[in-house]
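Each chain, written out:
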Amino acid sequence: MPYDISTTRADLIIHGERVPARSGRSFETLNPATEQPLAQVAEAGVEDVNDAVASAREALTGDWGRMRAADRGQILLRFADLIRRDQDELIELESLDSGKPVSTIRRQDMPAVLDTLTYYAGFADKINGQVIPARQDALTYTVREPVGVVGAIVPWNFPMMIGMWKIAPALACGCTVVLKPAELTPLTALKLGELALEAGIPAGVLNVVPGFGAVAGQALVDHPDVDKVTFTGSPGVGRQILQGSAGNLKRVTLELGGKSANVIFPDADIETAAKAAASGIFFNSGQVCSAGSRIVVHNSIREQVVERLVARAEKIRTGDPSDGDTQMGPVVSEKQMGRILDYIRIGEEEGARLVTGGARAMERGYFVAPTVFDDVRPEMRISQEEIFGPVASVIGFDDEDEALAIANGTSFSLAAGIWTNDMRRMHRFLRDLKAGTVWANTFGPTDVRLPWGGTRDSGFGREHGEIALENFTEPKSIWIAHGA
Ligand code: NAD
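Bear in mind the structure is a predicted one, so any value in this text is a computation, not a measurement. (Residues numbered from 1 in each chain as written. Predicted model: local features only at pLDDT ≥ 70, side-chain atom pairs only at ≥ 80, totals over all residues. Heavy atoms only, no water.)

(A) Examining the overall build of the chain more closely. Helix and strand counts for the chain come out as 15 helices and 23 strands. At 23 Å, the chain has a C-alpha radius of gyration in line with the 23 Å of a compact globule built from 484 residues. In terms of overall dimensions, the chain has C-alpha extents of about 70 × 60 × 40 Å along its principal axes. Across the 484 residues in the chain, those meeting the buried criterion constitute 58%. Within the chain, counting contacts between residues at least 6 apart in sequence, those at least 24 apart form 73% of the total. One finds the centroid of the 49 positive side-chain charges in the chain at a distance of 4 Å from the centroid of its 64 negative side-chain charges. (Helix = DSSP H or I, 4+ residues; strand = E, 2+ residues; numbered from the N terminus. Rg over C-alpha atoms; globule rule 2.2 N^0.38 Å. Buried < 20%, exposed > 50% of the residue type's maximum accessible area, 1.4 Å probe, protein only. Contact = heavy atoms within 4.5 Å. Lys, Arg positive; Asp, Glu negative; His and termini not counted. Charge placed at Lys NZ, Arg CZ, Asp CG, Glu CD.)

(B) Local environment of the domain arrangement of the chain. Considered domain by domain, the chain is made up of domain 1 (5-256 + 458-478) and domain 2 (261-440). Contacts between the two partners involve 24 residues from domain 1 and, on the opposite side, 28 residues from domain 2. The junction of domain 1 with domain 2 conceals about 2,100 Å² of combined surface from both sides, 61% of it contributed by carbon and sulfur atoms. When the buried surface of domain 1 facing domain 2 is broken down by residue, Glu35, Trp156 and Ser458 rank first, second and third, together holding 25% of it. Taken together, the connections running from domain 1 to domain 2 amount to one salt bridge. A salt bridge links Glu35 to Arg360, with the nearest nitrogen and oxygen atoms 3.3 Å apart. For the pair domain 1 and domain 2, the number of links is 10 residue pairs in polar contact (both at pLDDT 80 or more). No other element matches the five residues that helix α5 (residues 102-121) contributes to the side of domain 1 that touches domain 2. Residues of the side of domain 1 that touches domain 2, tallied by class, amount to 10 nonpolar, 10 polar and four charged. (Domains from an automatic or database assignment. Buried area = accessible area lost by both parts, 1.4 Å probe. Salt bridge = Lys/Arg side-chain N within 4 Å of Asp/Glu carboxyl O. Polar contact = N/O pair within 3.5 Å; in protein donor to acceptor, adjacent residues only side chain to side chain. Nonpolar A, V, L, I, M, F, W, Y, C, P; charged D, E, K, R; others polar.)

(C) A look at the nonpolar core. Ranked by internal contacts, the top residues of the largest apolar core, which has 96 residues, are Phe79, Ile83 and Ile264. If you count residues domain by domain, this core takes at least three from each of domain 1 (5-256 + 458-478) and domain 2 (261-440). Beyond its immediate chain neighbours, meaning those up to four positions away, Phe79 contacts Leu117, Met164, Leu192, Leu195, Ala196, Ala199 and Ile201. One finds Val296, Val331, Ile344 and Val391 within the second-largest nonpolar core, a separate group that totals 29 residues. (Core = buried A, V, L, I, M, F, W, Y, C linked by side-chain atoms within 4.5 Å.)

(D) Helix α4 (residues 87-98), seen in detail. With 12 residues, α4 should cover 16 Å at 1.5 Å per step; its first-to-last C-alpha distance of 16 Å lies within 8% of that length. Burial runs high along α4: 10 of the 12 residues are buried. All of the buried residues in α4 are Gln87, Glu89, Leu90, Ile91, Leu93, Glu94, Ser95, Leu96, Asp97 and Ser98. Next to the buried residues of α4 lie β3 (26-31), β4 (36-42), α3 (69-85), α5, α6 (159-172) and α7 (187-199). One or two positions beyond α4, positive phi appears at Gly99, with a value near 85°. (Expected span 1.5 Å × (residues − 1).)

(E) Focus on the environment of Ser285. With respect to the element layout, Ser285 can be found in the loop between α10 (270-282) and β12 (294-298). Once residues lying within four places of it in the same chain are set aside, the contact partners of Ser285 are Met328, Gly329, Pro330, Val331, Phe388, Gly389 and Pro390.

(F) Representation of the sheet that holds β12 within the structure. As summarised here, the arrangement of the seven strands in space is β13-β16-β17-β12-β11-β19-β20, forming an open sheet in which the pairing is mixed. Two strands close off the open sheet at either side, each with one partner strand: β13 (353-356) and β20 (437-440). For this sheet the average axis-to-axis angle between neighbouring strands, irrespective of direction, equals 20°. (Pairing = 2+ DSSP bridges. Axes fitted to C-alpha atoms, helices over the stretch in contact; angles between N-to-C directions.)

(G) Main features of the side chain of Thr140. Looking at the element boundaries, Thr140 is found in strand β5 (residues 138-146). At 2.3 Å, the side chain of Thr140 and the backbone oxygen of Ile132 are in polar contact. One polar contact links the side chain of Thr140 to the main-chain amide nitrogen of Ala134, over a distance of 3.1 Å.

(H) Spotlight on the site of the ligand. Around the ligand, a shell composed of 29 residues is seen, among which Lys180, Glu183, Ser234, Leu256 and Glu386 lie nearest. Note that an oxygen atom of the ligand is positioned 2.8 Å from one of the side-chain N or O atoms of Trp156. In the model, an oxygen atom of the ligand is placed 2.6 Å from a nitrogen or oxygen of the Glu183 side chain. When isolated, the ligand has an accessible area of 850 Å², and the protein chains bury 90% of it. (Near = heavy atom within 4 Å. Areas by Shrake-Rupley, 256 points an atom, 1.4 Å probe, with all protein chains shown as cover.)

(I) Seen up close, the pairing of β4. Examined bridge by bridge, β3 and β4 share six bridges and lie antiparallel to one another. Note that in β4 the partner of Ser26 across the bridge is Ala42. In this antiparallel pair of consecutive strands, β3 and β4, the connection spans four residues, and Glu35 shows a positive phi of 65°.

Encoded structure:
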């Protein structure tokens, strides 16, 4: 389906203006469902990032910095209204750019974008300090100031939603932002940048600089005038960001990968558990940091669960993302598809049993068939490494200790699930599973009110919830001496 993406839309947004890259360079994005060119996007280089950071620095102390907190909240609510007004266009753009089905974006991403923005808009005038009566001879209290210029670096799997996870709390706290979307999916970020300006967010408060990670992303990370980097992406790049941030000791939040276990006991409702396990791994073509990629099943019910998983995998309607009935689209790029197919080959070589899928689907586009491996051993690479595709690994266990050891036995700890109706066992697992989020008798829901993030290879810090405001504020202690 052709889409008229104007050249202005694909320019950078710096200091309230749509501008080409200083180098004049641009890059092409493809529609992953058709492999056809989609848009020509200005490619931010180091100079453009410098311009964006300078503009964000200036904007900190301008109208934005002087604005009443309540007015800041109102502007963010207007921003939400404009997103709602243009949601059809945003949904279509996101689908064309990423391959996500429009139905998924409409049902899941778009409501989450709006929920995140309105939730944090409400906090703008509630970021309070504390009066701490430390002394009799002084008034002592704290205020919470914006951390400053925020570099927000975003992946391609939920471009708009994860972008908003960063923009909304940063702006609510009075920070200014330079947003670097993923090079594969820059279009909705640019549209959000335009809407922010229309909403009355002053020039320079939200700059958008599409470009490549090693250049534009790294420039943001290395920049001495960026106070904070909030990053979602792969553990490898997370490590680079941590090193790069050492220059000016900027603050960093890292939301990285996962290899989440979904543990099913025989006393669970098997039908519901298998259904949730299937959507836990196949949703968004498995390109989800918290995908339930390891389905850890008691051996007494493994056959039943695998049967149900396979039936569900084979029923998923894969195809044109713009068709409202499509449940699964392509993966985001040829490279990602190749990586997934490599892992499928590795799984077979390691001796796991391929039960369904295992190959490209459709004649055109980067589609991978929903894939299930049974007889996976915990130490296999397909059980340890993040595939980021629609590939489920089923691992059997015989007792509770073994299940827990398998569930906790990777370098990640972002999320995990447990299915049981034994309350004592459930509580033991909720206590012992090493993950930032643990689900019981469900798998996958998130809500902006609840903290989200992990530890170890899943990163550190939390997004979502009131706690995320700490990412974007610095406490200042104030001491006014008045005598005894
Ligand atoms: P990626 O790390 O390759 O890229 C993420 C972003 O970082 C992109 O914008 C990219 O341009 C940029 N980048 C790349 N190199 C950079 C550098 N040297 N300096 C600064 N920025 C750089 O990740 P991806 O392939 O886009 O996304 C997939 C990964 O993201 C997976 O590992 C997934 O688990 C993770 N992820 C995590 C969460 C979460 O909430 N924890 C959510 C979504 C995705």
